[in-house]
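Summary of the model geometry
Here are the chains, one letter per residue:
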Amino acid sequence: MHVRCPDRLPEDVYRQVLEQLAELSPVVQALPPAAALVELKGALRYHGVDGRRLGEVLRVRTISRLGVDVRVGIGPSITVAATASGQIAEPGGVLAVGPGQVAEWLGPLPVEALHGIGSRQAQVLRDYGVHCVGLLAAVPPATVQRLLGGRAGRQAADRARGIDPRPVTPRALPASASVSRTFARHTLDGAAVRAALLDLVVTLAHQLRGRGQAARGLTLTLRFAGGTTWEKTRRLPEASAHDDDLRTLAYRLIDAAGLQRGRLTGITLKGEDLVAAGQVAEQISFDGAREARLVAEEVSDRIRAKFGPVAIRPATTLLRVS
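As the structure is a prediction and not an experimental result, all values here were calculated from the model. (Residues numbered from 1 in each chain as written. Predicted model: local features only at pLDDT ≥ 70, side-chain atom pairs only at ≥ 80, totals over all residues. Heavy atoms only, no water.)

1. Regarding the overall build of the protein chain
The helix and strand inventory of the protein chain stands at 12 helices and 10 strands. Among the 322 residues that make up the protein chain, the fraction classed as buried is 42%. Carbon and sulfur atoms form 53% of the exposed surface of the protein chain, whose accessible area is close to 17000 Å². (Helix = DSSP H or I, 4+ residues; strand = E, 2+ residues; numbered from the N terminus. Buried < 20%, exposed > 50% of the residue type's maximum accessible area, 1.4 Å probe, protein only. Areas by Shrake-Rupley, 256 points an atom, 1.4 Å probe, with all protein chains shown as cover.)

2. Re the sheet that holds strand S5 (residues 93-96)
On the basis of which strands lie adjacent, the open sheet formed by five strands has the order S2-S3-S1-S4-S5 and mixed pairing. With one partner strand each, in any of the chains shown, strand S2 (28-31) and S5 form the two edges of the open sheet. Between one strand and the next, the sheet's axes are offset by a mean angle of 15°, whatever the strand orientation. The sheet contact formed by strand S1 (residues 2-4) and strand S3 (residues 35-38) spans three bridges and is antiparallel. Looking across to S3, one finds that Arg4 is bridged to Ala35. Along the sheet, helix H1 (residues 11-24) contacts S1, S2 and S3; its crossing angle with S2, the most-contacted strand, is approximately 160°. (Pairing = 2+ DSSP bridges. Axes fitted to C-alpha atoms, helices over the stretch in contact; angles between N-to-C directions. Contact = heavy atoms within 4.5 Å.)

3. Looking at unusual backbone geometry
Residue Pro33 is reached from Pro32 by a cis peptide bond, and omega for that bond is 15°. With respect to the helices and strands, Pro33 occurs in the loop between S2 and S3. The residue after Glu90, namely Pro91, is reached through a cis peptide bond having omega 15°. In this structure, Arg8 is a non-glycine residue whose phi angle is positive, near 60°. Overall, Arg8 belongs to the exposed group, its relative accessible area being 81%. Positive phi, close to 50°, is recorded for Asp273, a residue that is not glycine. Within the fold, Asp273 resides in the loop between strand S9 (264-272) and strand S10 (275-276). Using a relative accessible area of 30% as the deciding quantity, one classes Asp273 as partly exposed.

4. Regarding the packing of aromatic side chains
As enumerated under the stated definition, the model contains zero aromatic pairs in all. A cation over a ring is seen here: Arg194 above Tyr251, with NZ or CZ 5.8 Å from the ring centre. (Phe/Tyr/Trp six-rings, centres within 6.5 Å; stacked < 30°, edge-to-face > 60°. Lys NZ or Arg CZ within 6 Å of the ring centre and 35° of its normal.)

5. Describing helix H4 (residues 78-86)
Burial within H4 is extensive, with eight of its nine residues counted as buried. Three or more residues of H4 are buried, namely Ile78, Thr79, Val80, Ala81, Ala82, Thr83, Ala84 and Ser85.

6. Here's the deal with the environment of Ser64
Assignment of secondary structure puts Ser64 in helix H3 (residues 51-66). A distance of 3.4 Å separates a polar side-chain atom of Ser64 from the backbone oxygen of Arg61. (Polar contact = N/O pair within 3.5 Å; in protein donor to acceptor, adjacent residues only side chain to side chain.)

7. Comments concerning the pattern of salt bridges
Under the defined criterion, the tally for this structure stands at 12 salt bridges. Here Arg53 ties to Glu56 by a salt bridge, and the two come within 3.9 Å at their closest N and O atoms. Residue Arg53 and its partner Glu56 are located together in helix H3, separated by three residues, close to a single helical turn. The partly exposed category is assigned to Glu56, whose relative accessible area is 33%. Beyond isolated ion pairs, a larger network of salt bridges with shared partners links Glu23, Arg61 and Arg65. (Salt bridge = Lys/Arg side-chain N within 4 Å of Asp/Glu carboxyl O.)

8. Considerations on the nonpolar core
Core analysis: the largest hydrophobic core is formed by 32 residues, its most contacted members being Ile267 and Leu269. Of all elements in the fold, only strand S6 (176-187), helix H10 (191-210), strand S7 (213-224), strand S8 (229-240), helix H11 (243-256) and S9 reach the threshold of two or more residues within this core. In this view, Ile267 contacts Val179, Ser180, Arg181, Phe183, Ala196, Leu197, Leu200, Leu220, Thr221, Leu222, Arg223 and Ile254; residues no more than four positions away in its chain are not counted. Counting residues in each nonpolar core, the second largest holds 24 residues, with Leu24, Val28, Leu54 and Leu58 among its members. (Core = buried A, V, L, I, M, F, W, Y, C linked by side-chain atoms within 4.5 Å.)

9. Structural notes on the pairing of S7
Side-chain direction in a regular strand flips from residue to residue, so the side chains alternate between the two faces of the sheet. Along S7, nine of the 12 residues are buried, which leaves the element largely enclosed by surrounding structure. Across two bridges, the pairing between S7 and S10 is antiparallel. Paired with Ala214 across the bridge in S10 is Val275. As paired strands, S7 and S8 are joined by eight bridges and run antiparallel to one another. Bridged to Gly217 within S8 is Arg235. For S7 and S9, the ladder comprises eight bridges, and the chain directions are antiparallel. Bridge pairing in S9 links Arg223 to Gly266.

Take it as geometry only, folks, not as evidence of what the structure does.
Here you go:
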């Protein structure tokens, strides 16, 4: 199964889609930023249904649970499944190609539709009159190799015939989570930037706590007018998902940037080297003010869970940021 998510899907939502896939099969390969592969052999036997049915179940779950529609291609190889998902019109759908249907289904497709064929390769093939996958499959492999090069030609010839021995290799996303803001206008360092950063801290911390994770470090990325960027990473003294700890480090990071007259267009805060929250030892604190803030944090999480993520926002985020 090859799954395509909508473009520009936030990383936290993409991770949740991967979690939905893992409920169907233990063999999931993340293909960031917005796709994934799933091995279905064992899953079909376990669930007692065919591939199309599993694809439909996945769509229902991602739409109902996450509000995200996906395009699901199913086939006997990675190439066939990925080509199938690419033929589905947005916003979503399921297309299953059985082992006995591969040649008939692939044949009429334009060569550029075959997964793994780039635009330059497609143009070379078209220049020689090979404009559909069926013709590519009919051309002797040695000829395709002369047109596209040894390895690329061999792979193209095989995949046009539905041959693709690659396995699905379990791979999760790197242990990180990020949130971003883009400024409607070029913005100098000051109240608006600090407000955006504080909002990102609160959003990231809430996201981590909701996933039962804590960050060992933070990376701050600043984007400037003209396309340049500044990025710096620092470690936390101890892994944490608390607003207090992330805010303190985030402010140190932006102070280290030494902003003066630089005009910002956007800002990204990323939690690095994530660990399960259960692995983080809770330290006894004699700081009454901090303990009060942690209690307020728990209350805020419950309010957001009931009324939505924007039910409580930092007061300084009243400044307009998009």
